Amino acid sequence: MRVELQHVFKSFPHNGETLDVLHDITVVVEEGEFVCLLGPSGCGKSTIIHLIAGLERPTSGAVLVDGRPVDGPSPSRIVVFQDAALFPWLNVLGNVEFGLRMAGLPKAKRRARALEFLRLVHLSRFTHAYPHQLSGGMKQRVAIARALALQPDVLLMDEPFASLDAQTRAVLQNELLEIWQLARPTVIFVTHNVREATGLADRVYVVSARPGRVREVERIALARPRHAEDPTLIAHQRKILGLLGEEIEEVLREELGEQVHFPEAQHPVPPEQSLGMHI
Amino acid sequence: MFPPGYTFLTWQALVMFVALWELAAWLAPGWPSLLGEVLPVLRSDVADPAFRQALYGSARRMAVGYSLVMLIGVGGGILLGRVPLVDQLLGSVAVAIHAIPGAAWVPLSILWFGMTEQAVIFTVLLGAAGIVMVETDTGIREVPPPIRRAARTMGARGINYFWFVVVPAAIPRVVNGLRLAWAFGWRALMAGELLTSINGLGQRLNQVAKSQDLDRLLAIMLLISAIGIVVDGLLFKRLEHEVRVRWGLA
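What you are looking at is a predicted structure, and each value in this text was computed from that prediction instead of being measured.

Caption draft 1: View of the sheet that holds strand β3 (residues 34–38) of chain A. Residues and elements named next belong to chain A. The strand order across the open sheet built from 6 strands is β6-β7-β8-β3-β9-β10, with neighbouring strands paired in mixed fashion. Of all strands in the sheet, those bounded by a partner on one side alone are β6 (77–80) and β10 (213–219). Here the strands of the sheet are splayed against their neighbours by 20° on average, with no regard to which way each runs. Bridge count between β6 and strand β7 (residues 154–158): 4 bridges; the pairing is parallel. Along β7, the bridge assignment pairs Arg77 with Val154.

Caption draft 2: Quick look at the nonpolar core. Within the largest apolar cluster, 129 residues are counted, with the highest numbers of intra-cluster contacts made by Leu38, Ile52, Ala145, Leu156 and Ile188 of chain A together with Val124 and Ala128 of chain B. When residues in this core are grouped by element, the largest group, 17 residues, is from helix α8 (residues 158–196) of chain B. Two domains each donate at least three residues to this core, and these are domain 1 (3–76 + 153–232) and domain 2 (84–151) of chain A. When near neighbours in sequence (up to four residues on either side) are disregarded, Ala128 of chain B contacts Val69, Gly102, Ala181, Phe184, Gly185 and Ala188 of chain B.

Caption draft 3: Spotlight on the environment of Ala191 of chain B. All names here are of chain B. Along the chain, Ala191 falls in helix α8. Residue Ala191 is classed as buried on the basis of its C-beta count, with 22 C-beta atoms lying within 10 Å. Beyond its immediate sequence surroundings of up to four residues, Ala191 is in contact with Gly102, Ala103, Val106, Thr123 and Gly202.

Caption draft 4: Region of the structure containing the interface of chain A and chain B. Listed as interface residues are 21 residues of chain A and, on the opposing side, 16 residues of chain B. Residue assignment for the side of chain A that touches chain B shows that the elements contributing at least two residues are β6 and α2 (92–102) of chain A. Here the residues of the side of chain A that touches chain B are counted per class, giving 17 nonpolar, 2 polar and 2 charged.

Parameters and conventions
Residues numbered from 1 in each chain as written. Chains lettered and ligands numbered in written order. Predicted model: local features only at pLDDT ≥ 70, side-chain atom pairs only at ≥ 80, totals over all residues. Pairing = 2+ DSSP bridges. Helix = DSSP H or I, 4+ residues; strand = E, 2+ residues; numbered from the N terminus. Axes fitted to C-alpha atoms, helices over the stretch in contact; angles between N-to-C directions. Core = buried A, V, L, I, M, F, W, Y, C linked by C-beta atoms within 7 Å. Buried ≥ 20, exposed ≤ 12 C-beta atoms within 10 Å, placed from the backbone. Domains from an automatic or database assignment. Contact = placed C-beta atoms within 7 Å. Nonpolar A, V, L, I, M, F, W, Y, C, P; charged D, E, K, R; others polar.

Structure below.
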């Protein structure tokens, strides 16, 4: 399904003042497209996800899915959260079955469907484990299986791999791409990791902070799986990091209340030497 | 069966307790020896059918009282947490009831029910239901936001949301309330029996105190303490621990 944010503004009351989180955001994601929203912390990326999920409403502007305004949550738009947000009282199978149960699927059917998607994320051996017994990466696998089992048209991912170690993250990114190419949902993936965004997305929206605005849209027209040393990919990453360098300065200046300046083109770790490149 | 690292009572603690007791008995004239005097009295008491009647009586009243506590405490807590009108009308009443110690309900219970079994059960109920209500109320209001968001996007609403999300999310709080309620209820039971002269452990305590039978008094107190510790340690502490581990809180 096509997802569209048209001139979206969002503000929250905060300590008696109004905090502008999103400022005139326009994002268009075509059906089946994989789009990353990339920006520093506090740029309102998660708020965009919540708006599309129907968990929040825009202060002004329109959020359209398949041409219709979003009116509350729907199982056709599923979120994978950063902290997985599994239900601790249910085992892995129960967590994956949850949405199907809410949809009123009979027991045998939802069990079969849950097992199918657990196989897809390589967790067949852990169906009876409880979330507290799983590692961070395994929890995210469950969260992905839980989302995919509902066969959503739009998969919203809110920094799903941010708290994982670099190796686990790389493995899960590859698996996510494989799964996406099977079912081809529309994916909107939020991250603050430049390499992650450029490795995954068809297009990267670079979002600035306070309030969040779209700074740039970068199209990555490279076949997947993408090679980390591909010069075109590195050129994309350099360009985005350049944009974000200014961004980070602005955020720091606002926080510290004084002039903070990074010497030009001198990022803490050169892109080709860093696995993570968090900003 | 036990959570790892969990020991109900260590033998070191038991040895220490017995040693200190015997030391006190040796130093203070008139203080009976635990092993030589108090425990033999306890053993003969427990073998005595009349004493067993008292013990069963206490157990029965506790069982009935605690069942009511669970029913009314959890039910009332759910109403307080879910129905704003009930909360506005009765929320502060629940807190007020919770603030009154169990023993302070005994006179009113006697006034209403006389020196009866019902008066004791009523004391247990009012002494312990408040904490269950307050904890259940808090638990069902405090669904963690990530859980709430995940549930809502997956289509949980209305009765499904309540039954499959709110209730399980509240369980650690409810269990904590039930554990405290056991301790409050046990105290209230003893106070009730002490003052109503209903055949039970509390009333036995009153009798032996009047006849100045120190050995027997200490024996009954030991028994009261032991029952409290054993039920809490073997049942509630374990239950609470397992719930906390499962819910990712420990």
